[in-house]
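Close look at the chain arrangement
Residue-level listing of the chains:
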Amino acid sequence: MEIRVERLGGADAGLVLLGLDRPAAKNALGRQLMAEFRQALADLCFDPEVRVVVVHSLVPGVFCAGADLKERAGMSPVETAAFVHGLRSAFTELEDLPVPVIAALEGAAFGGGLELALAADLRVAGAEAKLGLVETALAIIPGAGGTQRLPRLIGASRAKELIFTARRIGAEEAGRLGIVDRVVPAGGALDAALALAREILPNGPVALRMAKLAVNRGLELDRDSGLAFEQACYAQVIPTKDRLEGLAAFREKRKPQYRGE
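Here goes a summary of the coordinates provided. (Residues numbered from 1 in each chain as written. Predicted model: local features only at pLDDT ≥ 70, side-chain atom pairs only at ≥ 80, totals over all residues. Heavy atoms only, no water.)

Focus on the sheet that holds strand β6 (residues 108-110)
Reading across from one edge, β4-β6-β8-β9 is the order of the four strands in this open sheet, with mixed pairing throughout. The open sheet has two free edges, formed respectively by β4 (62-64) and β9 (169-170), since each of these has just one partner strand. With two bridges joining them, β4 and β6 adopt parallel strand pairing. In the sheet register, C64 faces β6, and the bridge partner there is A109. (Pairing = 2+ DSSP bridges. Helix = DSSP H or I, 4+ residues; strand = E, 2+ residues; numbered from the N terminus.)

Quick look at the structure:
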């Protein structure tokens, strides 16, 4: 197994760890890893018990080194195009998970590895992490969403500079640019991501799903259309039992107990 899914319990019920575990290849994105990754996403997408997903590496010193270039070298042009299409689709599936997704980055996150992280909602990086869309150095381009997600995150000109130069940057610079949301001491990314996930967990599950959908889809629309979409998402939370529970808990000065209903 190259993907490990761990569902936490107790006070952390609803929190899922999605771990990359291919140590021999520094979590390079090969056929087997990606097949398991997409199956895990399919399972999580339709599980009503899932509330927050944290993507991390089980291999010390690396998040994901990018595409498996040794495997890629044996592919025909048609096979290469199909595989890259699969990467692009997989990371869109990650982005479209209906629950918040946090990526915990330690060590290298290059090429497809960074593209994977960009598909998360939030990114936490250890201080020694190294990031970069390095594809142009290999005479290719970021093909799994990097040319679209990075400019939307940090602006077109900054994204172009990083893509054109194939520059590898440290966590602190990635934080200044807005590629990662938090930089923590080396080795602390997973703990920090879990702490962030635990801030999210107590909130209304339906509300979180609708908030994510409203933001993601609204960014693709003009303002008025985005506001109309927000209204449609808000309409989904009005009839929920959780909304009434939230009002009751506020009135009774207690913590709400949300059930995703």
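Let us keep going from here.
Description of the side chain of T240
Take T240: it is sitting in the loop between α10 (223-237) and α11 (241-252). A polar contact is formed between the side chain of T240 and the backbone nitrogen of R243, at a distance of 3.2 Å. (Polar contact = N/O pair within 3.5 Å; in protein donor to acceptor, adjacent residues only side chain to side chain.)

Focus on unusual backbone geometry
Residues other than glycine seldom take positive phi values, yet K26 does so here, at roughly 55 degrees. By the secondary structure assignment, K26 is in the loop between β2 (15-20) and α1 (31-45). Despite not being glycine, K253 shows a phi value in the positive range, around 55 degrees. Structurally, the position occupied by K253 is in the segment after α11.

Here's the deal with a nonpolar patch on the surface
A cluster of nonpolar side chains, L69, L138 and I140, forms an exposed patch at the surface whose accessible area comes to about 260 Å². Its location among the elements puts L138 in the loop between β8 (130-132) and α5 (146-154). Residue classification places L138 among the partly exposed residues on the basis of a relative accessible area of 47%. (Patch = residues over 30% accessible without salt bridge, like charges linked within 9 Å, V, L, I, M, F, W, Y side chains within 5 Å. Areas by Shrake-Rupley, 256 points an atom, 1.4 Å probe, with all protein chains shown as cover. Salt bridge = Lys/Arg side-chain N within 4 Å of Asp/Glu carboxyl O. Buried < 20%, exposed > 50% of the residue type's maximum accessible area, 1.4 Å probe, protein only.)

Things to note about the packing of aromatic side chains
Counting across every chain of the model gives one aromatic pair. Judged by centre distance (6.3 Å) and plane angle (85 degrees), the ring pair of F37 and F91 falls under edge-to-face. Here F37 is found in helix α1, whereas its partner F91 is found in helix α3 (residues 77-95), with 54 residues between them in sequence. Judged by its relative accessible area of 0%, F37 falls in the buried class. Classification of F91 by relative accessible area gives buried; the value is 0%. Cation over ring: R168 sits above F110, and NZ or CZ is 4.2 Å from the ring centre. (Phe/Tyr/Trp six-rings, centres within 6.5 Å; stacked < 30°, edge-to-face > 60°. Lys NZ or Arg CZ within 6 Å of the ring centre and 35° of its normal.)

Some details on the pattern of salt bridges
Counted by the stated rule, this structure contains 16 salt bridges. Ionic pairing is found between E161 and R167, a salt bridge with its closest N-O pair at 2.8 Å. Residue class for E161 comes out partly exposed when judged on its relative accessible area of 39%. With a relative accessible area of 31%, R167 lands in the partly exposed category.

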